[in-house]
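Secondary and tertiary structure notes
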Amino acid sequence: MNSLQILPLQDWGFNFTRPLFISGPCSCESEDQMMETALRLSDKGIHLLRAGIWKPRTRPGMFEGIGKDGLSWLVNAGKQTNKPTCVEVATVQHVEDALEAGIDILWIGARTTVNPFFVQEIASALKGVDIPVLVKNPINPDLQLWLGSMERLNAAGITKLGAIHRGFSVYEKSSYRNLPMWEIPIELRRLYPQMPIIVDPSHICGSRDLIYSVSQKALDLDFDGLMIESHRDPDNAWSDSDQQLTPEQLGEIIASLVVRSSAVDTMFGNELDIWRAQIDRIDNYMLEIMADRMGIARKIGAFKRDNGITILQTNRWDEIFRDRISKATEKELTVDFIRELMEAIHQESIRHQTKIMNNILAD
Ligand code: PEP
Ligand code: MN
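Residues numbered from 1 in each chain as written. Chains lettered and ligands numbered in written order. Predicted model: local features only at pLDDT ≥ 70, side-chain atom pairs only at ≥ 80, totals over all residues. Heavy atoms only, no water.

1. Comments concerning a nonpolar patch on the surface
Using the following cut-off: Exposure above 30% relative accessible area and the absence of a salt bridge qualify a residue for a patch, where like charges join within 9 Å and nonpolar side chains (Val, Leu, Ile, Met, Phe, Trp, Tyr) within 5 Å. Residue-level accessible areas treat just the shown protein chains as cover; the underlying method is Shrake-Rupley with a 1.4 Å probe. Each salt bridge in this description consists of a side-chain nitrogen of Lys or Arg and a carboxyl oxygen of Asp or Glu lying within 4 Å of one another. For the purposes of this entry, the term helix denotes a DSSP run of H or I that reaches at least four residues, the term strand denotes a run of E that reaches at least two, and both are numbered from the N terminus. Only protein chains enter the calculation, and the probe is 1.4 Å; a residue is then buried if its accessible area is under 20% of its type maximum, exposed if over 50%, and partly exposed in between.
The grouping of Leu333, Phe337 and Leu341 at the surface amounts to a nonpolar patch, some 240 Å² of accessible area in total. Considering the arrangement of structural elements, one finds leucine 341 in helix H13 (residues 335-357). The partly exposed category is assigned to leucine 341, whose relative accessible area is 34%.

2. Examining the packing of helix H5 (residues 116-125) against helix H6 (residues 143-155)
Filter applied, for reference: Axes, fitted as lines to C-alpha atoms, cover a helix only where it is in contact. Angles between the N-to-C directions of the axes lie from 0 to 180 degrees. Should an angle fall under 35 degrees it is taken as roughly parallel, and over 145 as roughly antiparallel, whereas 65 to 115 is taken as roughly perpendicular and any remaining angle as oblique. What makes a crossing left-handed is the near helix being turned counterclockwise from the far one by less than a right angle; a clockwise turn instead makes it right-handed. Should any heavy atoms of two residues lie within 4.5 Å, those residues are considered in contact. Under the grouping applied here, Gly and all other residues not named as nonpolar or charged are polar, the nonpolar ones being Ala, Val, Leu, Ile, Met, Phe, Trp, Tyr, Cys and Pro and the charged ones Asp, Glu, Lys and Arg.
Across the interface, H5 lies against H6 with an axial gap of 8 Å and an inter-helix angle of 25°. As the angle between them shows, H5 and H6 are arranged roughly parallel. In the crossing of H5 with H6, the sense of the turn from one axis to the other is right-handed. In this structure, H5 uses Pro116, Val119, Gln120 and Ala123 to contact H6, whose residues at the interface are Leu145, Ser149, Arg152 and Leu153. In terms of residue class, the contact of H5 with H6 is built from 5 nonpolar, 2 polar and 1 charged.

3. Remarks on the domain arrangement of the protein chain
Operational definition: Domain ranges listed in this record stem from an automatic or a database domain assignment.
Structurally, the protein chain comprises domain 1 (9-256) and domain 2 (266-357). Relative placement of domain 1 and domain 2: their C-alpha centres are 40 Å apart.

4. So, the coordination of the manganese ion (ligand 2)
Condition: Here the term donor refers to an N, O or S atom within 2.8 Å of the metal (or 3.2 Å for Na, K and Ca), and because water is left out of the atoms, sites may appear incomplete.
Binding of the manganese ion (ligand 2) to the protein goes through Cys26 (SG), His203 (NE2), Glu229 (OE) and Asp240 (OD), at separations of 2.1 to 2.4 Å. Read from N- to C-terminus, the donor residues coordinating the manganese ion (ligand 2) fall into the pattern C-x176-H-x25-E-x10-D. Here histidine 203 is found in helix H8 (residues 201-205), whereas its partner glutamate 229 is found in strand S8 (residues 225-229), with 26 residues between them in sequence. For the pair shown, histidine 203 and glutamate 229 are each scored as buried.

5. Notes on the site of ligand 1
This is how the line gets drawn: For this description, a residue counts as near a given molecule or strand if any of its non-hydrogen atoms is within 4 Å of it. The definition of a polar contact used here is a pair of N or O atoms within 3.5 Å, where within protein one atom must be able to donate a hydrogen and the other to accept one, and adjacent residues in sequence count solely through side-chain atom pairs. For each structure, a 1 Å grid was placed over the protein atoms alone; sets of points admitting a 1.4 Å probe that cannot get out are labelled cavities, open sets with protein on both sides within 12 Å along at least five of seven lines are labelled pockets, and lining residues have an atom within 4 Å of a point. Think of it this way: a molecule belongs to a cavity or pocket when more than half its atoms come within 2 Å of the grid points there.
Surveying the vicinity of ligand 1 reveals the residues Cys26, Arg50, Lys55, Glu88, Trp107, Gly109, Ala110, Arg111, Lys136, Arg166, His203 and Glu229. For ligand 1, an oxygen atom lies 2.9 Å from a polar atom in the backbone of alanine 110. Glutamate 229 is positioned with one of its side-chain polar atoms (N or O) 3.2 Å from an oxygen atom of ligand 1. With the chains in place, 97% of the 290 Å² that ligand 1 exposes on its own is no longer accessible. Among the cavities detected, the one that contains ligand 1 is the largest pocket.

6. A word on the pairing of S8
Note the threshold: Between any two strands, at least two bridges found by DSSP are needed for them to pair.
Among the 5 residues of S8, 5 are classified as buried, and the element is accordingly described as predominantly covered. Going residue by residue along S8, you find Gly225, Met227 and Glu229 tucked away on one face and Leu226 and Ile228 tucked away on the opposite face as well. Direction of pairing for strand S1 (residues 20-24) relative to S8: parallel, over a ladder of 5 bridges. The residue of S8 that forms the bridge with phenylalanine 21 is leucine 226. Pairing geometry for strand S7 (residues 197-199) and S8, over 2 bridges, is parallel. Across the sheet, the residue bridging to isoleucine 198 is glycine 225, located in S8.

7. Quick notes on the packing of H6 against helix H7 (residues 183-191)
Between H6 and H7, the shortest axis-to-axis distance is 10 Å and the interhelical angle comes to 45°. Comparing their axes, H7 and H6 come out oblique. Crossing geometry of H6 relative to H7 is assigned as right-handed. Judged by residue contacts, Leu143, Trp146, Leu147 and Met150 of H6 engage Ile184, Pro185, Glu187, Leu188 and Leu191 from H7. Each residue belonging to the contact of H6 with H7 can be placed in one class, and the counts come to 8 nonpolar, no polar and 1 charged.

8. Topic: the layout of surface pockets
Condition: Grid points are joined across faces, edges and corners, and a volume is the space filled by probe spheres set on the points.
Counted as a void, the largest pocket has a volume near 520 Å³. Taken together, 23 residues make up the lining of the largest pocket; nearest its centre are Thr58, Arg111, Arg166, Arg177 and Asp240. Looking at the lining of the largest pocket residue by residue, the classes come out as 7 nonpolar, 6 polar and 10 charged.

9. Observations regarding unusual backbone geometry
Here the residue pair arginine 18 and proline 19 is connected by a cis peptide bond, since its omega of -10° sits within 30 degrees of zero. Structurally, the position occupied by proline 19 is in the segment before S1. For methionine 181, which is not glycine, the phi torsion reads 35° and is therefore positive. Note that methionine 181 resides in the loop between strand S6 (161-165) and H7. Unusually for a residue other than glycine, aspartate 240 sits at a positive phi of about 50°. Here aspartate 240 is to be found in the loop between S8 and helix H10 (247-256).

Now the structure itself:
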């Protein structure tokens, strides 16, 4: 993997402060809708105005964006309210049109990040252009693919590079439109601490009532900003109507978000150190316990092998599963967590037993 050269947000040439707030409609629909939304947003604490001009819709027959005409409406709304503008680009033609119209920042949408051919074409079209690019995560939970897109842009000379976390598409039903899977942007932060990561609660949530809690969580995880869709009349928006907020509702959310400090000062540093030491101790203890548990699994594996018994006895596994879940509930652990934990332990146990069955490990 190439390592990325990234310019920190404060060196992008805008008056960006942290947290960075990006807002505007999902789609630009008319000159009037764009201007009114921007004017009503202008005093709500946002730094950057967004709008979708070309909309990648899952099914045909939906509103696919107003097209090129909307670019000047967005740019004018930005000028009128003194905000830089950003837009999604998915093709070389979009890039050319957006640059010609004077858009300040580009973003690559989730359905484009998945395709290395498209990203490469966009990157090549941006060779020699000094413009910031924000890359949304691919729709599938694949950090490598996300990084790969950034590497292509970086190789084309784009160093004002940021990420937008908009959640990941899964088949299971969930209260989220796209699962946040926070561990993925956290890993991105670990790999590239200097890369700005903006969270997009609108596309994670899919409904406006969840936006506040996901936004607060994003700030508590110390991400750099939020992109939240806002429309002058959300219920009648031509796309993503359930998740958009009026500019006034967005203003209330921004005003009530709590920005906590990530710097651990000495006053509460000591207390934190003590808790962290306790966490380390508990984790080490957990590793010891898991090693013991797998040791016993290997003994059981040897016994089953010597007596011609199958590894998996469904009744026994059902019994364990039900017992652990009922105990966990009493201890205020969530059922989902215990289910996933027990399944992971069971899988590991089966791996150990299989090796013994096949005489790979000494018993
Ligand atoms: C959008 O921001 O309106 C959009 C289309 O988002 P995504 O690429 O995350 O689906
Ligand atoms: Mn949208």
